[in-house]
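# Understanding the architecture of this molecule
Here is how the chains run, residue by residue.
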Amino acid sequence: MGSPCELKLSGDPALCQQVAADCQHEAMRFETQYSRFTTDSITSKINAAAGESVVPIDVECRAILEYAGVCWALSDGLFDITSGVLRRVWTKDRTQLPTSAELRPILALIDWRKVELSDAGVRLGVRGMEIDLGGVVKEYAADALAQRIRLGGIESGVVNLGGDIFCVGTNPEGMPWRIGIKNPHGDGAIAQVGIANAGLATSGGYERYIDIEGKRFSHLLNPATGMPVKSLASVSVIAEQSVVAGSIATIALLKGQTDGLRWLRALECPFLAIDASGEFCTRPGQAVDAGPASGPDQKFTRLTSIESN
Amino acid sequence: MGPKNQLTPLALLSAAALSLPAFSASQPTERVVSVNTSVYQEGDADAAEVVFGDLQRFRVKTNQFNLSAPIGRDWSMSLGYDNEAMSGASPWGTVAASDGSGDLIMSGASIDDSRNGVDVNLTRHWRGQSLGVSVGYSGEHDYHSRSLGLNYERDFFKQNTTLALSVSYSSDELTPTDAQLFQRLEKGSKHTRSFYASVNQLLSPVSMLSLGFGITKRIGELSDPYKLRDVRPGKRVERTLTANYRRYFDWQTSSLAVDYRYFWDSYSVGAHTLAMSWMLGDEAGMQWGPMLRYYSQSAAAFYTPWDRYDQLETIAQSSDFRLSTFGAVSYGLKARYRIGAVQISMQYERYDSGSGYALSSAKTEHPGLVDFEVLSLGAEYRF
């Protein structure tokens, strides 16, 4: 999954072992099936056939693509799984901002509407187009593993796939699982939240960035302009499914600071946004308390510097 | 944000996420225990139209228990038990009245019976399809029924379409009480075979249409042994067409259900049912709403308003009000309240029937047509 993954299970040890092995197997399946780095993944096959043939896909892949289409529509085109081609311009070793002449041919390859879904499968309309399902699959995998845990008969556990989290049941003490929120401007956790039977996704511009001429640019790029977004530093969202939490958080980042906050406040799910200056923002009336965290479910609590270490 | 009456992005994302295979709803992921108790009370018979017997008609108290649970990853089971206690009088027959209609002969209030039923279902789930087998037994002192069923479900087109097929067979045994005293049939049997197919189509993230067709074939002792003169053909083939529509609205998080059913059989009974219900409120809290149902049927070919003793016993006839031309209107209220894992529900329904409600005109109204009320209370626990 390209990031550290963690699985916590509580219950009968033999059953936990069995379910953990099953989850590991399932996580590997997601990796091999959707990674754009392996040539025999479905993502690579679809990308390799861009502008040419229709690639047959299974029910799961189709549902993931359709889900990505809903995200595209709800984000006014900002969440676009075809925008990964911008990596060709925004390489790690860049020392200057890309010119419009450099961006133009790449931007012509970005458009979700050119992903042709039909009963026969999927075809990318333009040669050179690429899709990257990473922004959906990682969160969806957290949900899918959580489902395996429950169906395996385990009632308490946490799936953490590089920050995309699903909490199954409560912790063994019967309390919501306490999950730390990473400090986007430093090390360690800056806040925490109690979660039971819900998904939590955190996205931030802090994870990956590009330094150009002493200025730090977010890896989050606007698919229409090809330029980095001045986004919130970090957004954490709680929803019934990790995949939904993840899409809401990503769209909030892509919308930029003001519109991102507006988007989050208009939705019904709990969130914590941290802006560029380190300010905490949340839903009006849901102030983030400071101090020890023993508060109710789904409430973000600011950690003091001692606790965060 | 768009106008208020549009779905929120969260609702749209959640709906799209639910079509991802891991969230396939076909497989239960939690154990559910539910109990339900209800009282069904028929209105008294009209004294002016009863020549003999008790006026107090049926009262049925029902208690139900249901448990469903997943077993491992691929299996699920459900277990149901119900008990009914019946008391009151029922029509024995009809005689011609002076005004050209029929008058009722009622049973005494001696009917006091109880019925117990159990059914067990075991289902195997695969990705996108499931196959279940169920067995059931229902018994009262003069009636025993054993049944066996198979049901299959399969999702198509990214789970937007579900096909459901079911077949069932039941074998019933009748041993009417006081058979010798009243010269009733002493022992009889009945075999029922049914097939039902339905297609459920998601029209949009917020609306759903389901169409179904069913056929049931009954063979054996189909006459009512407790009636004074009831001779029905020993074979009855029934067909039904159903259409169910569901639509969810953002406004008050409400939902609308519209159900239509057309029934026709080899006795020449034809019936239409149209039902509508509206639920308001959040599933996670309080939900309530009204329901309304209309029913109309045309009489069986051999229906007679009063019993014909001048007719040979080999010729079909029945004065059962359920085979007459009539219509009915029911209305009621439903309410559900969820607190965490527990849901409490309550439902009240009132049913009024009469020949005037029927779409086709009836020559005479059957004096035995019932009006009834049902009140039910239920509780459900998920864990």
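Predicted model only: the values in this text are computed from it and were never measured.

### Things to note about the overall build of chain A
- Scanning chain A from N- to C-terminus turns up 8 helices and 15 strands.
- In summary, chain A has a C-alpha radius of gyration of 20 Å against a globular reference of 19 Å for 309 residues, a match within 12%.
- Across its three principal axes, chain A shows a C-alpha extent of roughly 55 × 45 × 35 Å.
- A buried classification covers 54% of the 309 residues belonging to chain A.
- Considering only contacts within chain A whose residues lie at least 6 apart along the sequence, 60% involve residues at least 24 apart.
- Carbon and sulfur atoms provide 53% of the accessible area of chain A, an area that totals close to 13600 Å².
- Of note, chain A has its 29 positive side-chain charges centred 6 Å away from the centre of its 36 negative side-chain charges.

### Remarks on the packing of helix H1 (residues 13–34) of chain A against helix H5 (residues 134–151) of chain A
Residues and elements named next belong to chain A.
- Closest axis-to-axis distance for the H1/H5 pair is 10 Å, and the angle between their directions is 155°. With respect to H5, the axis of H1 lies roughly antiparallel. In the packing of H1 onto H5, the handedness of the crossing is right-handed. The residues of H5 that touch H1, namely those facing Val 19, Asp 22, Cys 23, Glu 26, Ala 27, Phe 30 and Tyr 34, are Val 137, Tyr 140, Ala 141, Ala 144, Leu 145, Arg 148 and Ile 149.
- By residue class, the composition of the contact of H1 with H5 is 11 nonpolar, no polar and 3 charged.

### Looking at the packing of helix H6 (residues 242–254) of chain A against helix H7 (residues 257–266) of chain A
Residue and element names in this part refer to chain A.
- Where H6 meets H7, the closest approach of the two axes is 7 Å, and the angle between their N-to-C directions is 150°. Relative to H7, H6 is oriented roughly antiparallel. The segment H6 lies against H7, with Ile 248, Ile 251 and Ala 252 engaging Gly 260, Trp 263 and Leu 264.
- Here the residues of the contact of H6 with H7 are counted per class, giving 5 nonpolar, 1 polar and no charged.

### Quick look at the side chain of Thr 282 of chain A
- Mapping Thr 282 of chain A onto the fold places it in the loop between strand S13 (280–281) and strand S14 (289–290).
- In this structure the side chain of Thr 282 of chain A is engaged in a polar contact, spanning 2.8 Å, whose partner is the backbone oxygen of Phe 271 of chain A.

### Quick notes on H5 of chain A
- Compared with the 26 Å implied by 1.5 Å per residue over 18 residues, the 25 Å span of H5 of chain A between its first and last C-alpha is a close match.
- Where H5 of chain A ends, the next residue or the one after it, Gly 153 of chain A, has phi of about 95°, a positive value.

### A short note on empty space enclosed by the protein
Residues and elements named next belong to chain B.
- One pass over the structure, following the stated rule, counts 1 cavity of 30 Å³ or more.
- In this structure, the largest cavity encloses a volume near 40 Å³.
- If you go around the largest cavity, the residues you meet are Pro 91, Trp 92, Gly 93, Thr 94, Leu 104, Lys 227, Ser 319, Asp 320, Phe 321 and His 366.
- Residues of the lining of the largest cavity, tallied by class, amount to 4 nonpolar, 4 polar and 2 charged.

### Some details on the interface of chain B and chain A
- With 23 residues of chain B at the contact, the number on the chain A side is 29 residues.
- Roughly 2400 Å² is buried in total at the junction of chain B and chain A, and carbon and sulfur atoms are behind 70% of that figure.
- At the boundary of chain B with chain A, the tally comes to 1 salt bridge.
- Across the salt bridge formed by Glu 155 of chain A and Arg 31 of chain B, the nearest N and O atoms sit 2.6 Å from each other.
- Joining chain B to chain A, the criterion identifies 1 residue pair in polar contact (both at pLDDT 80 or more).
- Here the side of chain B that touches chain A is built from residues that sort into 13 nonpolar, 6 polar and 4 charged.

### Examining the sheet that holds strand S5 (residues 91–96) of chain B
Residues and elements named next belong to chain B.
- Taken in spatial order, the 3 strands make up an open sheet running S2-S6-S5, and their pairing is mixed. The two strands at the open ends of the sheet, each matched to only one other strand, are strand S2 (50–52) and S5. Direction aside, the axes of adjacent strands within the sheet are offset by 35° on average.
- With 5 bridges joining them, S5 and strand S6 (residues 102–106) adopt antiparallel strand pairing. Paired with Pro 91 across the strands is Met 106, a residue of S6.

### Remarks on the confidence of the model for chain A
Residue and element names in this part refer to chain A.
- When pLDDT is averaged along chain A, the result is 86; 92% of the residues meet or exceed 70.
- Mean pLDDT per element in chain A: helix H8 (residues 305–308) is the minimum at 46, and H6 is the maximum at 95.
- Counting interchain partners and residues more than four positions distant, the pLDDT-below-50 stretch residues 291–296 has 12 contacts.

### Concerning the domain arrangement of chain A
All names here are of chain A.
- In terms of domains, chain A is made up of domain 1 (42–132) and domain 2 (176–308).
- The centre of domain 1, based on its C-alpha atoms, is set 26 Å off from the matching centre of domain 2.
- Counting from both sides, the interface comprises 21 residues of domain 1 and, opposite them, 22 residues of domain 2.
- When domain 1 packs against domain 2, close to 1800 Å² is buried across both sides, 72% of that on carbon and sulfur atoms.
- When the area that domain 1 buries against domain 2 is broken down by residue, the three leading residues are Tyr 67, Leu 78 and Trp 90, summing to 37%.
- Our count for the contact surface shared by domain 1 and domain 2 stands at 1 salt bridge.
- Between Asp 76 and Lys 255 there is a salt bridge, with its nearest N and O atoms 3.9 Å apart.
- Counting across the interface, domain 1 meets domain 2 through 3 residue pairs in polar contact (both at pLDDT 80 or more).
- Within the residue set of the side of domain 1 that touches domain 2, elements represented by two or more residues are helix H3 (59–74) and helix H4 (100–107).
- The element that contributes the greatest number of residues to the side of domain 1 that touches domain 2 is H3, accounting for 3 residues.
- In the side of domain 1 that touches domain 2, the residues fall into 11 nonpolar, 6 polar and 4 charged.

### A look at the nonpolar core
All names here are of chain A.
- With 88 residues, the main nonpolar core has Ile 248 and Leu 264 as its most contacted residues.
- Of the residues that make up this core, three or more belong to each of domain 1 (42–132) and domain 2 (176–308).
- In this structure, Leu 264 is in contact with Leu 232, Val 235, Val 237, Ile 248, Ala 252, Phe 271, Ala 273 and Arg 283, ignoring residues within four places of it in sequence.

### Topic: the packing of aromatic side chains
All names here are of chain B.
- Throughout the structure, instances matching the rule amount to 9 aromatic pairs over all chains.
- With centroids separated by 4.7 Å and ring planes inclined at 40°, the aromatic side chains of Tyr 40 and Phe 372 adopt a geometry described as tilted. Of the two residues, Tyr 40 sits in strand S1 (residues 32–42) while Phe 372 sits in strand S19 (residues 372–382), which places them 332 residues apart along the sequence.
- Assessed through its relative accessible area of 13%, Phe 372 is described here as buried.
- A ring pair is formed by Tyr 381 and Phe 383, whose centres lie 5.3 Å apart and whose planes are at 10°; its orientation type is stacked.

About the criteria used
Residues numbered from 1 in each chain as written. Chains lettered and ligands numbered in written order. Predicted model: local features only at pLDDT ≥ 70, side-chain atom pairs only at ≥ 80, totals over all residues. Heavy atoms only, no water. Helix = DSSP H or I, 4+ residues; strand = E, 2+ residues; numbered from the N terminus. Rg over C-alpha atoms; globule rule 2.2 N^0.38 Å. Buried < 20%, exposed > 50% of the residue type's maximum accessible area, 1.4 Å probe, protein only. Contact = heavy atoms within 4.5 Å. Areas by Shrake-Rupley, 256 points an atom, 1.4 Å probe, with all protein chains shown as cover. Lys, Arg positive; Asp, Glu negative; His and termini not counted. Charge placed at Lys NZ, Arg CZ, Asp CG, Glu CD. Axes fitted to C-alpha atoms, helices over the stretch in contact; angles between N-to-C directions. Parallel < 35°, antiparallel > 145°, perpendicular 65-115°, else oblique. Left-handed = near helix turned anticlockwise from the far one by under 90°. Nonpolar A, V, L, I, M, F, W, Y, C, P; charged D, E, K, R; others polar. Polar contact = N/O pair within 3.5 Å; in protein donor to acceptor, adjacent residues only side chain to side chain. Expected span 1.5 Å × (residues − 1). 1 Å grid on protein atoms, 1.4 Å probe; cavity = no way out; pocket = protein on both sides within 12 Å on 5 of 7 lines; lining within 4 Å. Points joined across faces, edges and corners; volume = space filled by probe spheres on them. Buried area = accessible area lost by both parts, 1.4 Å probe. Salt bridge = Lys/Arg side-chain N within 4 Å of Asp/Glu carboxyl O. Pairing = 2+ DSSP bridges. pLDDT = per-residue confidence, 0-100. Domains from an automatic or database assignment. Core = buried A, V, L, I, M, F, W, Y, C linked by side-chain atoms within 4.5 Å. Phe/Tyr/Trp six-rings, centres within 6.5 Å; stacked < 30°, edge-to-face > 60°.

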